[in-house]
Amino acid sequence: MTVVVGYLATPEGEAALETGVAEARRREARLVVVISRRSRHEQHADVDSELDALRDRLDDADVAYDVRQLGRGNDVAADLVAAAEETDAELIVIGLRRRSPVGKLILGSNAQRILLDAQCPVLAVKPAASPSDQSGF
C-alpha cells in the first residue's frame, strides 16, 4: 500500500509532505511524492537541487519512498489521482491555502477535482497558522 502526496515547495506543500510522512510511517506504507513544477521557466539546476534536497529529507525520514516529477502543462489533479490509482494508494495528502471567508466558498480547482475524482480517501491539510493569520474569534 502507498500514501500519495502532492508536493510543491510552498508552506502548503511542506504541510502535506510532513503529514504524508507521518501517515506513511503510521500505516507502514510506501510514500509516493508527486511534484509539479509551477513554472516552465524554472532552471534545471534549481529543480535538480530542490529534488536532491527533498530526497535527502526523505532519506532522513526513514520511510520507503518514490519521487515523481511532473512537467509543466500536465494536469496536476489528474496526475495525482492517476498516481494514487496506479499505486493502489490508501490515502492522498494535499495541502490547501488559507483563504478569506469569501474564498472559502470556492475550493481550489485542483483540490476540488482531487477530492471528487480520487477513489481513496483524501486528507487536506493547511500549514500552521502564523500569529498574523489568526483572528480574535
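Residues numbered from 1 in each chain as written. Predicted model: local features only at pLDDT ≥ 70, side-chain atom pairs only at ≥ 80, totals over all residues. Heavy atoms only, no water.

Caption draft 1: Just the overall build of the chain, in detail. Counting secondary structure elements, the chain contains four helices and five strands. Moving toward the C terminus, one meets the helices and strands of the chain in the order β-α-β-α-β-α-β-α-β. A buried classification covers 39% of the 137 residues belonging to the chain. For the chain, restricting intrachain contacts to residue pairs at least 6 apart in sequence, the fraction spanning at least 24 positions comes to 76%. A total of about 8300 Å² of accessible surface is found on the chain, and carbon and sulfur atoms cover 48% of it. (Helix = DSSP H or I, 4+ residues; strand = E, 2+ residues; numbered from the N terminus. Buried < 20%, exposed > 50% of the residue type's maximum accessible area, 1.4 Å probe, protein only. Contact = heavy atoms within 4.5 Å. Areas by Shrake-Rupley, 256 points an atom, 1.4 Å probe, with all protein chains shown as cover.)

Caption draft 2: Spotlight on a negative patch on the surface. A surface patch of like charges, here negative, comprises Asp46, Asp48, Glu50, Asp52, Asp56, Asp59 and Asp60. With respect to the secondary-structure elements, Asp59 resides in helix H2 (residues 44-61). (Patch = residues over 30% accessible without salt bridge, like charges linked within 9 Å, V, L, I, M, F, W, Y side chains within 5 Å. Salt bridge = Lys/Arg side-chain N within 4 Å of Asp/Glu carboxyl O. Lys, Arg positive; Asp, Glu negative; His and termini not counted. Charge placed at Lys NZ, Arg CZ, Asp CG, Glu CD.)

Caption draft 3: Inspection of the pattern of salt bridges at higher detail. Within the structure shown, the criterion is met by seven salt bridges. In this structure, Arg26 engages Glu23 in a salt bridge whose closest nitrogen and oxygen atoms are separated by 2.9 Å. Pair noted here: Arg26 and Glu23 are both in helix H1 (residues 11-27), with a separation of three residues, about one helical turn. Owing to a relative accessible area of 58%, Arg26 belongs among the exposed residues under this scheme.

Caption draft 4: View of unusual backbone geometry. Positioned with a positive phi, Glu28 is a non-glycine residue whose angle comes to about 55°. Looking at the secondary structure, you find Glu28 in the loop between H1 and strand S2 (30-36). Of note, the phi angle at Asp62 is positive, near 60°, even though the residue is not glycine. One can find Asp62 in the loop between H2 and strand S3 (65-70).

Caption draft 5: Structural context of the sheet that holds S2. Pairing in this open sheet of five strands is parallel, and the strands run S3-S2-S1-S4-S5 from one edge to the other. Each edge of the open sheet carries a strand with a single partner, namely S3 and strand S5 (122-125). The sheet shows a mean angle of 20° between the axes of neighbouring strands, taken without regard to direction. With four bridges joining them, strand S1 (residues 2-7) and strand S4 (residues 89-95) adopt parallel strand pairing. Note on S4: the bridge partner recorded for Val3 is Leu91. (Pairing = 2+ DSSP bridges. Axes fitted to C-alpha atoms, helices over the stretch in contact; angles between N-to-C directions.)

Caption draft 6: Examining the environment of Val122 more closely. Within the secondary structure, Val122 is located in strand S5. Sequence separation between Val122 and Ala111 is eleven residues; the distance between their C-alpha atoms is 9.6 Å. What Val122 contacts, discounting residues up to four positions off in sequence, is Leu91, Ile92, Ile94, Ile114 and Leu115.

Caption draft 7: Structural detail: the pairing of S2. Across the seven residues of S2, six count as buried, placing the element largely inside the fold. Bridge count between S1 and S2: six bridges; the pairing is parallel. Within S2, the position partnered with Val5 by the bridge is Val33. Crossover S1 to S2 through H1 is right-handed. Here six bridges tie S2 to S3, and the two strands are oriented parallel to one another. In the sheet register, Leu31 faces S3, and the bridge partner there is Tyr65. (Right-handed = clockwise from strand over helix to strand, strands pointing away.)

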